Amino acid sequence: MSFEDYRGVWVFIEEKEGKIAPVSLELLGAGRKLADKRKVELAGVLIGDGVKNLASTVFEYGADTVYIYDQPIFKLYRTESFMKALLHCSEKHKPEIILYGATSTGKDLASAVATDLPTGLTADTTELDVEEDTGLLLASRPAFGGNIMATILCKKYRPQMATVRPKVMKALSPEAGKTGTVVEEYIDLREENMRTKVLEIVRETTKKVRIDEADIVVAGGKGLGSAEGFKLIHQLADTLGGVVGASRDVVEAGWIEHHHQVGQTGVTVTPKIYFAIGISGAIQHIVGMKNAGLIIAINKDPDAAIFQSCHYGIVGDAFEIIPLMVQEFKKELVGEEANHV
């Protein structure tokens with residue numbers, strides 16, 4: 001394998017019902033930095049039915065080129081059809097790096113493509129960099145339960161591939177009117193040869209809280225001592241109109257459901273304000289909230305690691321501090337309501 005034949009950074013553009021997934025726009029931002037460092041093109045790969053009009057958005061968010069497979073057989077995602085298209089494009093144009101969102105679709109597709117190329121795949125990456133001279137992708141993620149950061153390399157194969165969690169990278173501000181090169185590709189796939197068929201799509205409504213969309217997240221850890229003590233977190237969240245988050249230890253203890261968990265094995269959040277209360281600050285948790293606009297930590301241990309990752313830290317007993325905060329916030333909120341009458 002001659003590495004000189006491989007050039008360029010690609011992002012798989014995940015599309016559903018005519019809309020590009022936010023994580024794909026985030027990855028275009030990350031991919032732009034890698035491509036600029038390597039002095040190569042950034043490309044998006046768009047697969048679907050009736051998706052050509054989305055190319056303009058891909059350009060506006062940083063891409064130089066968009067490869068498009070626009071055929072009826074790609075109307076709904078299936079591993080087999082999308083994998084064959086991406087393999088066809090990769091083997092023809094030979095990128096050195098391909099990035100995917102760590103969504104159910106992205107993870108499924110990336111693993112299938114990696115198996116057939118074959119090449120390596122780093123899953124759930126939280127940091128990306130590239131060696132300027134060699135083009136070696138430096139894909140980092142927490143390992144050993146979040147106790148260390150591991151940087152994973154793919155030295156012997158190309159393209160190098162990684163899935164990246166939503167909300168970890170930041171999208172560029174769109175550049176209105178930016179254009180690039182559209183490359184329309186075609187692969188001869190027939191429905192009768194597909195091994196899987198989509199018979200029905202069932203959409204179920206859910207009442208689960210979407211903490212990844214909240215402006216205010218109040219998260220609690222095992223430092224609150226018990227499920228009873230954890231109720232303080234709910235009180236503060238309710239007062240501020242925020243949602244409740246939790247560390248992995250709290251979820252494993254059964255104090256709250258898993259979809260509230262923030263961290264490497266939970267949800268990545270980017271609220272305007274993040275409260276970390278009774279949370280020690282393990283890497284596993286930090287990677288899930290480090291991009292919050294404002295981080296406020298409360299912990300009675302002055303040496304807790306969380307104080308290295310917050311904007312404001314309060315050393316003290318949460319059972320004394322939170323009731324005072326709730327009281328003061330309520331006063332402020334009542335005052336604001338009175339001013340608007």
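Predicted, not measured: the structure shown is a model, and the values here were computed from it.

Caption draft 1: Molecular detail of the sheet that holds strand 17 (residues 312-315). Reading across from one edge, 14-13-15-16-17 is the order of the five strands in this open sheet, with parallel pairing throughout. Edge strands, defined here as strands with exactly one partner in the open sheet, are strand 14 (243-246) and strand 17. For this sheet, the mean angle separating the axes of adjacent strands, direction not counted, is 20 degrees. By the bridge criterion, four bridges tie strand 16 (residues 294-299) to strand 17 in an arrangement that is parallel. If you follow Ile 296 over to strand 17, its bridge partner there is Tyr 312. Each of strand 13 (216-220), strand 14 and strand 15 (273-277) touches helix 5 (residues 231-240); the most contacted strand, strand 13, lies at about 175 degrees to it.

Caption draft 2: Layout of a nonpolar patch on the surface. Together, Leu 76, Val 198 and Ile 201 line one region of the surface with nonpolar side chains, adding up to about 230 Å² of accessible area. Along the chain, the position of Ile 201 falls in the loop between strand 12 (181-185) and strand 13. Overall, Ile 201 belongs to the partly exposed group, its relative accessible area being 47%.

Caption draft 3: Broad picture of the pattern of salt bridges. Across all of its chains, the model carries 18 salt bridges by this definition. For Arg 210, the salt bridge goes to Asp 212, with nearest N and O atoms at 2.9 Å. Its relative accessible area of 18% is what places Asp 212 among the buried residues. Among the salt bridges present, the one from Glu 213 reaches Arg 210, with a minimum N-O distance of 3.7 Å. When its relative accessible area of 56% is taken as the criterion, Glu 213 is described as exposed. The exposure class assigned to Arg 210 is partly exposed, which follows from its relative accessible area of 48%. Put simply, Arg 32, Asp 36 and Asp 64 are held in one network by salt bridges that share partners.

Caption draft 4: Quick look at the environment of Lys 156. Topologically, Lys 156 is positioned in the loop between strand 10 (148-152) and strand 11 (160-164). By relative accessible area, Lys 156 is classed as exposed at 66%. Residues Lys 156 and Ser 226, 70 residues apart in the sequence, show an inter-C-alpha distance of 50 Å.

Caption draft 5: Summary view of the sheet that holds strand 5 (residues 65-70). Strand order in the open sheet made by the seven strands is 7-11-6-1-4-5-12, with parallel pairing throughout. The sheet is open, and its two borders are formed by strand 7 (121-125) and strand 12, each paired with just one other strand. The sheet shows a mean angle of 20 degrees between the axes of neighbouring strands, direction not considered. Bridging between strand 4 (residues 42-48) and strand 5 involves six bridges; their strand directions are parallel. Across the sheet, Ile 47 pairs through a bridge with Tyr 69, a residue of strand 5. On the sheet, helix 1 (residues 22-38) packs against strand 1 (9-13), strand 4, strand 6 (97-101) and strand 11 and is oriented at approximately 175 degrees with respect to strand 1. Sheet strands touched by helix 3 (residues 79-93): strand 1, strand 4, strand 5, strand 6 and strand 12. Its angle to strand 5, the strand with the most contacts, is close to 140 degrees.

Caption draft 6: Quick peek at unusual backbone geometry. Residue Leu 117 is joined to Pro 118 through a cis peptide bond whose omega torsion reads -15 degrees. The residue Pro 118 is located in the loop between helix 4 (104-116) and strand 7 in this model. Cis geometry is found at the peptide bond from Arg 158 to Pro 159, where omega equals 0 degrees. You can see Pro 159 is positioned in the loop between strand 10 and strand 11. For Lys 94, which is not glycine, the phi dihedral falls at a positive 55 degrees. With respect to the helices, strands and loops of the structure, Lys 94 is situated in the loop between helix 3 and strand 6. Overall, Lys 94 belongs to the partly exposed group, its relative accessible area being 27%.

About the cut-offs
Residues numbered from 1 in each chain as written. Predicted model: local features only at pLDDT ≥ 70, side-chain atom pairs only at ≥ 80, totals over all residues. Heavy atoms only, no water. Pairing = 2+ DSSP bridges. Helix = DSSP H or I, 4+ residues; strand = E, 2+ residues; numbered from the N terminus. Axes fitted to C-alpha atoms, helices over the stretch in contact; angles between N-to-C directions. Contact = heavy atoms within 4.5 Å. Patch = residues over 30% accessible without salt bridge, like charges linked within 9 Å, V, L, I, M, F, W, Y side chains within 5 Å. Areas by Shrake-Rupley, 256 points an atom, 1.4 Å probe, with all protein chains shown as cover. Salt bridge = Lys/Arg side-chain N within 4 Å of Asp/Glu carboxyl O. Buried < 20%, exposed > 50% of the residue type's maximum accessible area, 1.4 Å probe, protein only.

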